[in-house]
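Below are the chains, spelled out letter by letter.
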Amino acid sequence: MRRSFLLTIIGLSALLCDVDAVFAQAHIHRSEFICYDKREDAKSDKRSGIDKHLVVKPELQFESAEGAVRAVYEQQFDVPPGWIDYNTYLHVENVGADYTLFVNGVQVSTTHDQFTPADFYISPYIDEGANVVAIVVVEEPYMAYMDEALVQPQRAQFENCYIFAQRRAAIYDYNVRMVPDAEERFAELHLDVLVDNSFDTEETIAIGYDIYAPDGKLMEYSVNEITVAPKSRDTLNFNPYIYHSNPNRWSPANPKLYDLMLYIKRSGILWEYIPIKVGFAEYGYNEGGDITAFGKPITLSKSSYNAAADKATTEKEIKALKANGVNCLCPDYPQPRWFYDICDKVGIYVIDCAAISSPTNSDNRSVGGTPANAPELLEAYLQRVEAMYYRAQNHVSIIAFRLAGNNSGNGYNMYKAYELLKSFGDSRAIIYGGAEGEWNSDI
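Per-chain numbering applies: the sequence of each chain, read as written, is numbered from 1 onward. Whole-chain, interface and lining totals are the exception, using all residues; otherwise, since this is a predicted model, local features are given only for residues with pLDDT of at least 70 and side-chain atom pairs are given and counted only at 80 or more. Each side-chain value is derived from all of the structure's non-hydrogen atoms; neither hydrogens nor water enter the calculation.

**As for the overall build of the protein**
Applied cut-off: Here a helix means four or more residues in a row that DSSP labels H or I, a strand means two or more in a row labelled E, and each is numbered from the N terminus. Type-normalised accessible area, obtained with a 1.4 Å probe on protein chains alone, sets the label of each residue: buried when under 20%, exposed when over 50%, and partly exposed for intermediate values. Contact definition: two residues touch when any of their heavy atoms are within 4.5 Å. In this description, accessible areas are obtained by the Shrake-Rupley approach with a 1.4 Å probe, and a residue is regarded as covered only by the protein chains that are shown. Charge convention: Lys and Arg are scored as positive, Asp and Glu as negative, and His as well as the terminal groups of each chain are ignored. Taken as the charge location is NZ of Lys, CZ of Arg, CG of Asp or CD of Glu.
Per the secondary structure count, the protein includes eight helices and 26 strands. Along the first, second and third principal axes, the C-alpha atoms of the protein reach 65 × 60 × 40 Å. Each of the 443 residues in the protein was classed as buried or not, and the buried ones make up 57%. Counting contacts in the protein only where the partners sit at least 6 residues apart, residues at least 24 apart contribute 71% of the total. As displayed, the protein offers around 19,000 Å² of accessible surface, 49% of which is attributable to carbon and sulfur atoms. Computed over 39 positive and 61 negative side-chain charges, the separation of the two mean positions in the protein equals 6 Å.

Right, here's the structure in full:
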């Protein structure tokens, strides 16, 4: 049996080293999803039927009031022989603090963002048989300035943490939109599927999808093959027309959703289903400072709101806000995936926000005077805004992205964060109230 990570605790401070290079490889930014073995399980989110899905809930091993390390949580998990030919990922959220991730005593990655759920690629660190994952809670005061005004949500620790494995030739990520055609007669589905091949050989697989209208009618389906070079990724594009779609334009008054199912087909066998809810909408902004839907300004009644402790309470509260005339929620940091699912279904706009809020010294524009103008924090800023974007990009309720809480200063880091989001080519507005008329805010 693999020895407990706790046995290395005496030397833990030495292990907490600079892992920027490893971090860039292990901490990945993509849509939050898992793959289901059966279509019916995908439709009902039945995770107990997934062969390669493990719930992660590490137990406390050690606590300290001194030094950077505050606590160590650990869990052993078994890797069956078949998993070695899969890509394995760890999803982490609701830790309640910044943390460093170890697998089998090896430092995999670190994150100074306790608010945003994170995904890690852990295949290089696991072995067949017994393995140990350790989450080391750390406290580094200089990083706390980035989110000093944010309040950690009261949820069960490690809720919705899990490990899951995908085949080594599989769907790595996707981007999906339903937008009007040039003459606004119907919708065009823009579905871009990023396919990953982790094998040492060229691989050909078939990617398929089908999409059903809100009334349950099959609208379109297709299966296309793609050949991907060894150890690389390539994108497969689907762009069909979806007819009779204008009555289903998504809005708070008409929150109709299409059911899209992505899947892999190889050697005649279907596997790895990924269910997606898709709304028909097109967002942008105009020179007058309005957010637009289908080219027309939206009148927004906003409310600051972060998800409650559980999904049921959150849905009840969002419905109550909508009943009182609110049509747009402005969270302070990235929310659980189910928050965006609720907003898509209930019909309420969302202006998402990166987990950045640093009012102290926000008016000090000298280098290092505010975290927003501290070059040593640039990578942390970019990580936070990128994670925010990729987790939420496919949700129809998202109408804009905020760089940070309004009173968080401005400077080099905010400029580069704005440029990063712009580089993704999204039509939705990037907003920062703290820009105060500078160029790094669209509105």
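**Remarks on the environment of Arg-155**
As for its placement among the helices and strands, Arg-155 is situated in the loop between helix 4 (141–144) and strand 10 (162–167). Overall, the relative accessible area of 15% leaves Arg-155 in the buried class. Along the primary structure Arg-155 and Val-95 are separated by 60 residues, whereas in three dimensions their C-alpha atoms are 9.3 Å apart. Among residues more than four places away in sequence, those in contact with Arg-155 are Asn-94, Ala-307, Ala-308, Ala-309, Gln-335, Pro-336 and Trp-338.

**Some thoughts on the packing of aromatic side chains**
Where two aromatic rings form a pair, the distance of their centres and the angle of their planes describe that pair. This is how it is decided: Ring pairs are drawn from Phe, Tyr and Trp, using the six-membered ring of Trp, whenever the two centres fall within 6.5 Å, and their geometry is named by plane angle: stacked under 30 degrees, edge-to-face over 60, tilted for the rest.
In the structure shown here, the tally under the stated rule is 23 aromatic pairs. Taken together, a centroid distance of 5.1 Å and an interplanar angle of 70° make the contact between Tyr-73 and Phe-158 edge-to-face. Linking Tyr-73 in strand 4 (residues 69–79) with Phe-158 in the loop between helix 4 and strand 10, this pair joins segments that are 85 residues apart in sequence. The pair Tyr-73 / Phe-158 is uniform in exposure class, with both members buried.

**With respect to helix 6 (residues 337–346)**
Among the 10 residues that make up helix 6, seven are buried, leaving the element largely enclosed by the rest of the structure. Along helix 6, the residues that are buried comprise Trp-338, Phe-339, Tyr-340, Ile-342, Cys-343, Asp-344 and Val-346. In this structure, the buried residues of helix 6 make contact with helix 5 (311–323), strand 23 (328–330), strand 24 (349–353), helix 7 (378–392) and strand 25 (398–402). A positive backbone phi angle near 95° is found at Gly-347, which sits one or two residues after helix 6.

**Details of the nonpolar core**
The following threshold applies: The criterion is simple. A nonpolar core is a set of buried Ala, Val, Leu, Ile, Met, Phe, Trp, Tyr and Cys residues joined through side-chain atoms within 4.5 Å.
Met-178, Leu-189, Leu-191, Ile-207, Ile-211, Leu-260 and Leu-262 are the most contacted members of the largest nonpolar core, which has 50 residues in total. Sorting elements by how many residues they give to this core places strand 11 (residues 169–180) first, with six residues. The next biggest cluster of nonpolar side chains, apart from the first, holds 43 residues, and it includes Tyr-305, Phe-339, Tyr-381 and Ala-435.

**Comments concerning the sheet that holds strand 24**
Using the following cut-off: Between any two strands, at least two bridges found by DSSP are needed for them to pair. An axis is simply a line fitted to the C-alpha atoms; with a helix, the fit covers only the stretch in contact. Between two such axes, the angle follows the N-to-C directions and lies from 0 to 180 degrees.
Read across the open sheet, the five strands follow the order 22-23-24-25-26; overall the sheet is parallel. Whereas interior strands pair on both sides, the edge strands pair on one side only; in this sheet they are strand 22 (302–304) and strand 26 (429–431). Here the average twist between neighbouring strands, direction ignored, is 25°. Direction of pairing for strand 25 relative to strand 26: parallel, over a ladder of three bridges. Within the sheet, the bridge partner assigned to Phe-401 lies in strand 26 and is Ile-430. Contacts between helix 6 and the sheet are confined to strand 23, strand 24 and strand 25, with strand 24 contributing the most and set at about 155° to the helix.

**Focus on the sheet that holds strand 2 (residues 53–55)**
The five strands are arranged 1-8-5-10-2 in an open sheet whose pairing can be described as antiparallel. Where the open sheet ends on each side, the last strands, each with one partner, are strand 1 (27–28) and strand 2. One ladder, built from two bridges, connects strand 1 with strand 8 (residues 118–121); its direction is antiparallel. For His-27, the partnering residue across the bridge sits in strand 8 and is Phe-120.

**Considerations on the confidence of the model for the protein**
Note the following rule: A score from 0 to 100, pLDDT tells how confident the predictor is in each residue.
Taken as a whole, the protein shows an average pLDDT of 92; of its residues, 94% reach a score of 70 or greater. Predicted confidence for residues 7–11 stays below pLDDT 50, and this span has four contacts to residues more than four positions away or in other chains. Taken together, the stretch residues 17–24 has pLDDT below 50 and engages in 12 contacts with residues farther than four places along the chain or on a different chain.

**Here's the deal with helix 8 (residues 412–423)**
To keep it simple, the criterion reads: Any helix carries an expected span of 1.5 Å times its number of residues minus one.
Its 12 residues give helix 8 an end-to-end C-alpha distance of 17 Å, which sits within 8% of 16 Å, the value for a rise of 1.5 Å per residue. Every buried residue of helix 8 is listed here: Asn-413, Met-414, Tyr-415, Ala-417, Tyr-418, Leu-420 and Leu-421. Packed against the buried residues of helix 8 are helix 7, strand 25 and strand 26.

**Looking at unusual backbone geometry**
Trans is the prevailing form of peptide bonds, just as negative phi is the prevailing case for residues other than glycine. Positive phi, normally seen in glycine, also occurs at Asn-160, with a value near 65°. If you trace the backbone, Asn-160 turns up in the loop between helix 4 and strand 10. Judged by its relative accessible area of 29%, Asn-160 falls in the partly exposed class.

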